[in-house]
Amino acid sequence: MRSVWEEGDEKPKPNSVYGQMVNFYGILEHDITIADTAEIEGMASEGVPQRAERYELHGRRDFDRSYGSINSSLAGSSNGRRRRASQSVDDSECGDDEQSHTDRQGILMQDEEDDEESDGPTEEFCMPSTSTAQVDMATFFKDGLRKIDFVLVYEENAMARAAAAAAGAASVPISGGGGGRRAGKHETWRQRFMANLKRVGLDMEEEVVEASGRKVLCFIKLHAPWPVLCHYAEELNMRAPLQKRSDTSAEAHPNPSVNWSQQLLKILRLPNIMYEDVPNKPLDYYTCPFRKSKIEKFLGHDNRATYFTNVQRSRILYEILSTAVFGKKKKGEVGVDRLVEEGVFSAAFPLHDGPYEIKNRSDLKDTSKLNARQVLYEYWARWGKWYKYQPLDHIREYFGEKIAIYFAWLGFYTGWLLPAAIVGLLVFMYGVFTIHKSQPAIEVCDSQGQFSMCPLCDENIGCKFWDLSDVCGYARLAYLFDHPGTVFYAVFVSFWAVTFLEYWKRKSASLSHHWDCMGFKEEEERPRPEFAARAPFLEKNPVTGIREPSFPSSLRTKRIAAGIGIIFLMMSLVIIFILAVIIYRVLVSIPLFQNATFRSQAQAIANVTGAVVNLILIMAMSRVYEKLAYRLTTWEMHRTQTEFDDNLTFKVFIFQFVNFYSSIFYIAFFKGRFVGYPGNYSHILRLRNEDCSAGGCLIELAQQLAVIMIGKQIINNAQEIIVPKLKAWWMNKRVKITKKHKSRWQEDFQLITNEGLFQEYLEMVLQFGFITIFVAAFPLAPLFALLNNWVEIRLDAQKFVCETRRTVAERAENIGIWCKILHMLAHLAVISNGFLIAFTSEFLPKLMYQYEYDWELRGYINFTLAHSPNGTLSQPCRYRGFRDEFGNHTPFFWRLLAVRFAFVIIFEHVVFGICRLIDILVPDIPESLELKIKRERYLAKQALQESDNILKEKSERVLCLKRICPEWVIRKLSA
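About the cut-offs
- The numbers attached to residues start from 1 for each chain and follow its sequence in the written order.
- For a predicted model such as this one, the threshold for reporting local features is a pLDDT of at least 70, and the threshold for listing and counting side-chain atom pairs is 80 or more; totals across whole chains, interfaces and linings nevertheless cover every residue.
- Each side-chain value is worked out from all heavy atoms of the structure, with water and hydrogens disregarded.
- UniProt positions are given in the numbering used here, feature names are shortened, and annotations may be inferred rather than shown by experiment.
- Note on conventions: DSSP H or I runs of at least 4 residues are helices, E runs of at least 2 residues are strands, and numbering of each starts at the N terminus.
- Note on exposure labels: buried denotes an accessible area under 20% of the residue type's maximum, exposed denotes more than 50%, and partly exposed covers the range between, all computed with a 1.4 Å probe on protein chains only.
- A contact between two residues is defined here by any heavy atoms of the two lying within 4.5 Å.
- Only the protein chains shown count as covering a residue, and every accessible area follows the Shrake-Rupley method with a 1.4 Å probe.
- Here, two cysteine sulfur atoms that lie within 2.5 Å of each other are counted as a disulfide.
- Residues adjacent in sequence count toward polar contacts only when both atoms are side-chain atoms; beyond that, a polar contact is any pair of N or O atoms within 3.5 Å, and within protein one must be able to donate a hydrogen and the other to accept it.
- Any carboxyl oxygen of Asp or Glu that lies within 4 Å of a side-chain nitrogen of Lys or Arg is treated as forming a salt bridge with it.
- Remark: nonpolar core denotes a set of buried residues (Ala, Val, Leu, Ile, Met, Phe, Trp, Tyr, Cys) joined through side-chain atoms within 4.5 Å.
- Two rings belonging to Phe, Tyr or Trp (six-membered ring only in the last case) form a pair when the distance between their centres is within 6.5 Å. Interplanar angles under 30 degrees mark stacking, angles over 60 mark edge-to-face geometry, and anything in between is tilted.
- The rule for a charge over a ring is simple: NZ of Lys or CZ of Arg within 6 Å of the ring centre, and within 35 degrees of the ring normal.
- The convention used is that axes are lines fitted to C-alpha atoms, helices contributing only their stretch in contact, and that angles between N-to-C directions extend from 0 to 180 degrees.
- Any angle that is under 35 degrees is reported as roughly parallel, and any over 145 degrees as roughly antiparallel; angles of 65 to 115 degrees are reported as roughly perpendicular and all others as oblique.
- Under the scheme applied, nonpolar residues are Ala, Val, Leu, Ile, Met, Phe, Trp, Tyr, Cys and Pro; charged residues are Asp, Glu, Lys and Arg; polar residues are all the others, including Gly.
- Without a salt bridge and with relative accessible area above 30%, a residue can belong to a patch; like charges are then joined within 9 Å and nonpolar side chains (Val, Leu, Ile, Met, Phe, Trp, Tyr) within 5 Å.
- Following DSSP output, two strands are said to pair if at least two bridges run between them.
- For every residue, the pLDDT score states the predictor's confidence, bounded by 0 at the bottom and 100 at the top.

Looking up the chain in an unreviewed UniProt entry gives the name Anoctamin, with the organism given as Cloeon dipterum. UniProt, in the comment section headed Sequence similarities (unreviewed entry), describes the chain in these words: "Belongs to the anoctamin family."

A.B. asks: What is the right way to look at the overall build of the chain in this model?
C.D. replies: When its secondary structure is counted, the chain shows 30 helices and 18 strands. Taken over 975 residues, the chain has a buried fraction of 51%. Nonlocal contacts in the chain, meaning residues at least 24 apart in sequence, comprise 75% of its contacts between residues at least 6 apart. Per element, the accessible surface of the chain, about 46,300 Å² overall, is 58% carbon and sulfur.

A.B. asks: I'm lost on the state of the cysteines in this one. Help?
C.D. replies: Among covalent bonds in proteins, the disulfide is the one between the sulfur atoms of two cysteines. Within the structure shown, the criterion is met by two disulfides. Across the disulfide, cysteine 445 is cross-linked to cysteine 472 (sulfur-sulfur distance 1.8 Å). Torsion about the S-S bond of the cysteine 445 and cysteine 472 cystine: about 90°, corresponding to right-handed handedness. One end of the pair, cysteine 445, is in helix α14 (residues 439–445); the other, cysteine 472, is in helix α15 (residues 472–481), and 27 residues separate them in sequence. Residue classification places cysteine 445 among the buried positions, given a relative accessible area of 11%. In this model cysteine 454 forms its disulfide with cysteine 877; the gap between the sulfur atoms is 1.8 Å. Measuring handedness by torsion sign, the sulfur bridge of cysteine 454 and cysteine 877 sits at about 90° and is right-handed. Placement of cysteine 454 in the loop between β9 (452–453) and β10 (466–467) and of cysteine 877 in the loop between β17 (865–867) and β18 (878–880) is noted, with a sequence separation of 423 residues between them. Across this residue pair, the class does not change: cysteine 454 and cysteine 877 are buried.

A.B. asks: It is not clear to me how helix α11 (residues 372–381) should be interpreted in this structure. Could you clarify?
C.D. replies: Residues three or four positions apart in an α-helix share a direction because the helix packs 3.6 residues into each turn. Across the 10 residues of α11, eight count as buried, placing the element largely inside the fold. Along α11, the residues that are buried comprise Arg373, Gln374, Val375, Leu376, Glu378, Tyr379, Trp380 and Ala381. Looking at the buried positions of α11, the neighbouring elements they touch are α12 (392–399), α13 (401–433), α22 (744–749) and α24 (781–803). One side-chain oxygen at the N-terminal end of α11 lies 2.9 Å from the backbone nitrogen of arginine 373; it belongs to asparagine 371.

A.B. asks: Honestly, the side chain of glutamate 842 in this entry has me stumped. Any pointers?
C.D. replies: Checked against the element boundaries, glutamate 842 lands in the loop between α25 (817–840) and α26 (843–852). On the accessibility criterion, glutamate 842 (16% relative accessible area) is buried. Engagement of the side chain of glutamate 842 in a polar contact is seen with the side chain of arginine 880, the distance being 3.1 Å. The residues contacting glutamate 842, other than those within four sequence positions of it, are Asp482, Tyr860 and Arg880.

A.B. asks: Is there a simple way to think about the pattern of salt bridges in this case?
C.D. replies: Oppositely charged side chains can form a pair if their charged atoms are brought close together. Counting across every chain of the model gives 27 salt bridges. In this structure, the salt-bridge partner of lysine 799 is glutamate 760, at a minimum N-O distance of 2.4 Å. Of the two residues, lysine 799 sits in helix α24 while glutamate 760 sits in helix α23 (residues 758–773), which places them 39 residues apart along the sequence. Both residues of the pair, lysine 799 and glutamate 760, belong to the buried class. Within the structure, one salt-bridge network assembled from shared partners comprises Asp143, Arg146 and Asp203.

A.B. asks: Sorry, what's going on with the nonpolar core here?
C.D. replies: Generally speaking, soluble globular proteins have nonpolar side chains that are buried together. Counting residues in hydrophobic clusters, the biggest one holds 136 residues, and the most contacted among them are Trp409, Trp496 and Tyr661. What tyrosine 661 contacts, discounting residues up to four positions off in sequence, is Gln656, Val765, Leu766, Gly769, Phe770, Ile773 and Phe774. Judged by nonpolar contacts, the second largest core, of 38 residues, contains Trp189, Met194, Leu222 and Phe290.

A.B. asks: Is there a simple way to explain the packing of aromatic side chains in this structure?
C.D. replies: The geometry of an aromatic ring pair is captured by two quantities: the separation of the ring centres and the angle between the planes. Going through the model one piece at a time under the given rule, you end up with 63 aromatic pairs. Ring centres 6.0 Å apart and planes at 55° place the aromatic pair phenylalanine 290 and tyrosine 307 in the tilted group. Of this pair, phenylalanine 290 sits in the loop between β7 (287–289) and α8 (304–307) while tyrosine 307 sits in helix α8, and the two are 17 residues apart along the sequence. Tyrosine 307 shares its class with phenylalanine 290; the two are buried. Summarising the aromatic geometry, the rings of phenylalanine 412 and tryptophan 416 are spaced 6.0 Å apart at their centres and angled 35° between planes, so their arrangement reads as tilted. Of the two residues, phenylalanine 412 and tryptophan 416 both sit in helix α13, four residues apart, roughly one turn of that helix. Classification of tryptophan 416 as buried rests on a relative accessible area of 16%. Taking the ring centre of tyrosine 154 as reference, the NZ or CZ of arginine 190 above it sits at 3.9 Å.

A.B. asks: What is the right way to read the packing of helix α6 (residues 226–235) against helix α9 (residues 310–323) from this model?
C.D. replies: To characterise two packed helices, one gives the angle between the axes of the helices and the distance between these axes. Look at α6 against α9: their axes get within 10 Å of each other, and the N-to-C directions meet at 80°. Compared by their axis directions, α6 and α9 come out roughly perpendicular. Each of Val228, Leu229, Tyr232 and Ala233 in α6 lies in contact with α9, whose residues at this interface are Arg313, Ile316, Glu319 and Ile320. Residue composition of the contact of α6 with α9, by class: six nonpolar, no polar and two charged.

A.B. asks: Which parts of the structure should I look at to understand the packing of α23 against α24?
C.D. replies: Contact geometry of α23 with α24 gives a least axis separation of 11 Å together with a crossing angle of 170°. The angle between α23 and α24 places the two elements in the roughly antiparallel class. Every residue of α24 that contacts α23 at Glu760, Glu763, Met764, Gln767 and Ile771 is listed here: Ala781, Pro782, Ala785, Asn788, Asn789, Glu792, Asp796 and Lys799. When grouped by side-chain class, the residues that make up the contact of α23 with α24 number five nonpolar, three polar and five charged.

A.B. asks: What exactly am I supposed to notice about a nonpolar patch on the surface here?
C.D. replies: Residues Ile273, Trp386, Tyr387, Leu418, Ile422, Leu426, Leu787 and Trp790 make up a contiguous nonpolar surface patch of about 770 Å² in total accessible area. Contributing elements (two or more residues each) for the nonpolar patch: α13 and α24. By residue number, the principal contributor to the nonpolar patch is α13, which donates three residues. Examined against the element boundaries, leucine 426 turns out to sit in helix α13. Residue classification places leucine 426 among the exposed residues on the basis of a relative accessible area of 55%.

A.B. asks: Would you take a moment to explain the sheet that holds strand β3 (residues 215–223) for this structure?
C.D. replies: Across a sheet, strands are paired by hydrogen bonds formed along the backbone, either parallel or antiparallel in direction. If you trace the four strands from one edge of the open sheet to the other, you get β2-β3-β1-β8, paired in antiparallel fashion. Two strands close off the open sheet at either side, each with one partner strand: β2 (203–211) and β8 (347–349). On average, each strand axis in the sheet is inclined to that of its neighbour by 20°, with strand direction left out of account. In this sheet, β3 lies alongside β2 in antiparallel orientation, the contact comprising nine bridges. Considered in β3, the bridge of methionine 204 is made with leucine 222. This element, α9, spans β1 (150–157) and β3 of the sheet and lies at about 50° to β1.

A.B. asks: So what exactly am I meant to see when it comes to the environment of tyrosine 398 here?
C.D. replies: Considering the arrangement of structural elements, one finds tyrosine 398 in helix α12. Along the backbone, tyrosine 398 and histidine 352 are 46 residues apart, and their C-alpha atoms lie at a distance of 9.1 Å. For tyrosine 398, the contacting residues outside a window of four places in its chain are Val311, His352, Asp353, Ala372, Arg373, Leu376 and Arg806. A distance of 2.8 Å separates the side chain of tyrosine 398 from the side chain of histidine 352, its partner in a polar contact.

A.B. asks: Even after reading the chapter, I still don't get unusual backbone geometry, so can you show me in this structure?
C.D. replies: Negative phi values dominate among residues other than glycine, just as trans dominates among peptide bonds. The phi angle at asparagine 237 is positive, at roughly 60°, despite the residue not being glycine. Among the secondary structure elements, asparagine 237 is positioned in the loop between α6 and β4 (239–241). In the Ramachandran plot, leucine 857 falls in the positive-phi region, its phi being about 65° despite a non-glycine side chain.

A.B. asks: Mind showing me how you'd approach the environment of asparagine 788 here?
C.D. replies: Locating asparagine 788 in the fold gives a position in helix α24. Relative accessible area serves as the criterion here: at 4%, asparagine 788 is assigned to the buried category. Residues in contact with asparagine 788, not counting those within four places in the same chain, are Gln713, Asn717, Glu763, Met764 and Gln767.

A.B. asks: For this particular structure, what's the right way to read the confidence of the model for the chain?
C.D. replies: A low pLDDT score tells you not to read the predicted coordinates there in detail. The share of residues in the chain with pLDDT of 70 or more is 75%, and the mean pLDDT across the chain is 76. Here helix α1 (residues 17–25) stands out as the element of the chain with the lowest mean pLDDT, 35, in contrast to α13, whose mean of 93 is the highest. Segment residues 1–132: pLDDT under 50, and 262 contacts once partners within four positions in sequence are set aside and those in other chains are kept. Of the regions scoring below 50 in pLDDT, residues 244–251 engages in seven contacts with residues more than four places distant in sequence or in other chains.

Shown next, in the form of structure tokens:
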């Protein structure tokens, strides 16, 4: 800012009356600047203080926000003319609005003039500091000064390019095989797109590299100059570190590392092998939304090279690229993502900070030589660091809050799995050590020839009668998963799930405050570029008061309803596949029962192979539906990215819930319930309904869980290990760069595209359902989940650091809708485990038999086997069920049914009551954090009040001067 009077101006004499008044109010001491005067005059005319809106362009109040087209009309003249928003989104071709170009350049030129007049640096760009980490000069333009913020890549035919260059015409890109017309269209789109990027003010540098197969790769390196960065940082409401008070000794303090296990080990005075001091730790600042007009108030404003971090620069560039139009907006021809999808560009990505390998191990002694990527690999992504704490602050600084919050949640969840896995293992070991004391298993094994069992399929197709002792091993195995300890474990896991989620809320609140994301709400979110391009209307946002693209809610509701219908159609398809698997098990079991060798293992073989077939169908259906759900969600036209992600997540999870859990729910609650009895069996397609094995349905449920859960984990981990390597091999084979010494952007291009966090969250949430909803049937589920997650963290870390291109950082306050889904699963787990114990387990029948007949369970097996009605089969036999000789239910069955329902009601009320008590006793925000937030709000209020007092004092000075100063001074003040 410059002062009111500049050198060469005639100033009032200090000994005059007016000069004495000026000196008294401090104008000659630069207390009032031109901007201050203009602001005060505007306030005086309106009578109230005004706050700059969120979407202003560099603090101007006479602009509306620009959506969709980068070259939308912007008012940039000094007379403050306003850009008129049309009632519908402009459908004109790109590059036709010359006035837009002039206005945009006017804004950037005005920014440069302001910079030259400010107290900050006068250089366009200065060399970055290397005090904290090594800077890779390969991430700069050839001049070594301008940093590469984003890279666009496209392929061309080498011969066509050479011919076009000789003829002075545009080159012909390689498209997916659509002919010359399609290639020409792609070239037109690309030229218009690049022209719009130049109009914004981006610097570009192109490099052509020869590749195999008569191809050339064109790398377009993009750099955002200082005025562009400032403009979009303010428009995106980015946060910047504040200047500290002069009496503060330190500008910032290191981020606090809070970990409960670390504190516990410190109290117990035990060594903590999980802790490791990670170098180049990010500092913690108090921040506020960036304002170009207040640039001198922020830390580091005197060094433009390091003021905006790499993460912020890539976010700004992605915003520009996502809103640049290359065709007709109503057709969705906007944004770099669409161009990559159409094949106009092969890739678009920000650069990594350098290589991740440390070639010289001596550099570890001087960590200042390590770049951020090397620090993450050395102290986080390597397999040797599997037992170390994750450096969350480093992850957040390099990848952004959204990815950091995922790894924070995954690590927190994995840590909480440890007690659940230990207790589950102890419960399972209790069954192993007491298996020889199981009276029912002893009676089954000692019943040689005592119980002739009815055929498990129709006698007329060749199924034989069998002896109960044939399933002795099966009965012993069933006891491992169905004993009194499993009831305790089901209650324990219900409490564990609720407590875990409550403490995650506290952890999430601490992280969001620590990372300055607390309060990141929807009003700060911009409409999605695809939405802004296709929305047919402009309406006033009721929150911000700014005109934004809108889509009729009634039409969106109709589309959502149509999408729900498609979801139900896909769910029906899942049910059909389950019926197909049931029929498969029946058909496979028939020849096995006919064979004396496999008769005792017939049901086990049929169940396991059926589970494998079911798993294959589940994984295939998952891929198909995820693509369908994405298209449906895009068609529904959701305004913000959060709304889009939440609706997509909900659709996919509902389907995946049915897809993965429906067969398990069938075995747990339906299989064996509608079989009938000899002489009155139920049939499906002329095949007798499935019955539970001699060990009960709980052991079959454990088998199904083990196959689906563990099999899914093995498949997913194999995919994460093998698929990236196959993709990288195929990319290198398809486009092989012939240069021996590759640049940073060439190496990053040969990495694979990062597919985001959706699949990672979905995998973990489905796993959470497996270990909570059906834990009564499989106590070892948390142990397998723990082992998987230890591998999962390192696989994901290596994928993000080593194998994929760098993603554009996104802000996030928490894990979003996934938290609500986890709460839903935790509540469903209480209900499911209650019904599992009551209706699927043998816990209540044994308990009632002990209470009414024999506490040692002597004769229990004989009591649970009914006699077949006379004349129904070729010989008398026994079958499972509480029925009399006529096939009617016995009184014990009805008493047991009443006890089962009573148990479910009592179990759910007790568990839900204690869970609610846990929710009340454990606040979502820690008390210390709440106190800190209140303190910060108080200080902010005090600072605001102090600022208002200063502004009021300045206003009074100007109003006083207006009454006494000459006309030339007033003109100078308002110039």
